[in-house]
Structures are given as structure tokens and as C-alpha cells.
Amino acid sequence: MVQITMYGLTRCSHCKRTMQFLTSAKVEFEVIWIDKLQEEERKKVIEEIYRISNSYSVPLVVKGEKWVLGFNREKLEELIKS
């Protein structure tokens, strides 16, 4: 079961770095590319991102109740270990 979800945009360089980091850490994760979603689904995902982080920024990496906004290697390492 996937425990980590990353929300991002396909054109976002920080999102790509975050995805590369998660891949290199060999953790199982799901990526939700917001710009690939259809209108209603996109709207719901954007609302969910705001509900979690109180921000519309990406990348947002979520594991349970914990989350990391933006590319921050140290915080992502802590999140993976938690």
C-alpha cells in the first residue's frame, strides 16, 4: 500500500527534483500531477492541497498526517523515516 503521495505540476522543477529524490530513496509513492487532471478533479485536488498545507504551492509530499511543502531534502528524509 502506498503511504506517500506527492502533488505537483509537470512543469515544476522542484516537483521533478522531489520526485527524483523519492525515487532514489527507493520508497513507494504516488504522484498526482495536478495539470493532468480534468476540471472538477483538479479543483478537488487543489482544495485538498490547501486543506493539508494552507497553501496552493507544490510540490507537496504527504505521509499520513505529516507533510513537506517544497523541495527540502532534510525534511523529506525525516518524513520517509517517520
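Preceding this section is the structure that the text describes.
Please read all numbers here as calculations on a predicted model, not as lab measurements.

Draft legend 1. Spatial organisation of the nonpolar core. Membership of the largest hydrophobic core comes to 23 residues, with the highest contact counts inside it found for Y7, L22, V45, I49 and V61. Of all the elements in the fold, those that place two or more residues in this core are β1 (4-8), α1 (13-24), β2 (29-33), α2 (39-53), β3 (60-63) and α3 (73-81). Once residues within four sequence positions are removed from consideration, L22 is found in contact with M6, V27, F29, V61 and I80.

Draft legend 2. Molecular detail of the packing of aromatic side chains. For the coordinates displayed, the defined rule picks out two aromatic pairs. Between F21 and F71 the ring centres are 6.3 Å apart and the planes differ by 80 degrees, which places this aromatic pair in the edge-to-face class. Here F21, found in helix α1, pairs with F71, found in the loop between β4 (66-69) and α3; they are 50 residues apart in sequence, far enough to count as distant. Using a relative accessible area of 8% as the deciding quantity, one classes F21 as buried. Judged by centre distance (4.6 Å) and plane angle (25 degrees), the rings of Y50 and Y56 are stacked. Among the residues examined, Y56 registers a relative accessible area of 57% and is labelled exposed.

Draft legend 3. Expanded view of unusual backbone geometry. In this chain, V58 is followed by P59 through a cis amide linkage whose omega measures 5 degrees. Here P59 is to be found in the loop between α2 and β3. The backbone phi angle of K26 is positive, close to 60 degrees, even though this residue is not glycine. Since its relative accessible area comes to 75%, K26 is described here as exposed. Although it is not a glycine, N54 sits at a positive phi angle of roughly 60 degrees.

Draft legend 4. How the structure looks around the environment of I52. Here I52 lies in helix α2. Along the chain, I52 and C15 lie 37 residues apart, while their C-alpha atoms are 17 Å from each other. Excluding residues that lie within four positions of it along the chain, I52 makes contacts with Y7, L60, V62 and W67.

About the thresholds
- Residues numbered from 1 in each chain as written.
- Predicted model: local features only at pLDDT ≥ 70, side-chain atom pairs only at ≥ 80, totals over all residues.
- Heavy atoms only, no water.
- Core = buried A, V, L, I, M, F, W, Y, C linked by side-chain atoms within 4.5 Å.
- Buried < 20%, exposed > 50% of the residue type's maximum accessible area, 1.4 Å probe, protein only.
- Helix = DSSP H or I, 4+ residues; strand = E, 2+ residues; numbered from the N terminus.
- Contact = heavy atoms within 4.5 Å.
- Phe/Tyr/Trp six-rings, centres within 6.5 Å; stacked < 30°, edge-to-face > 60°.

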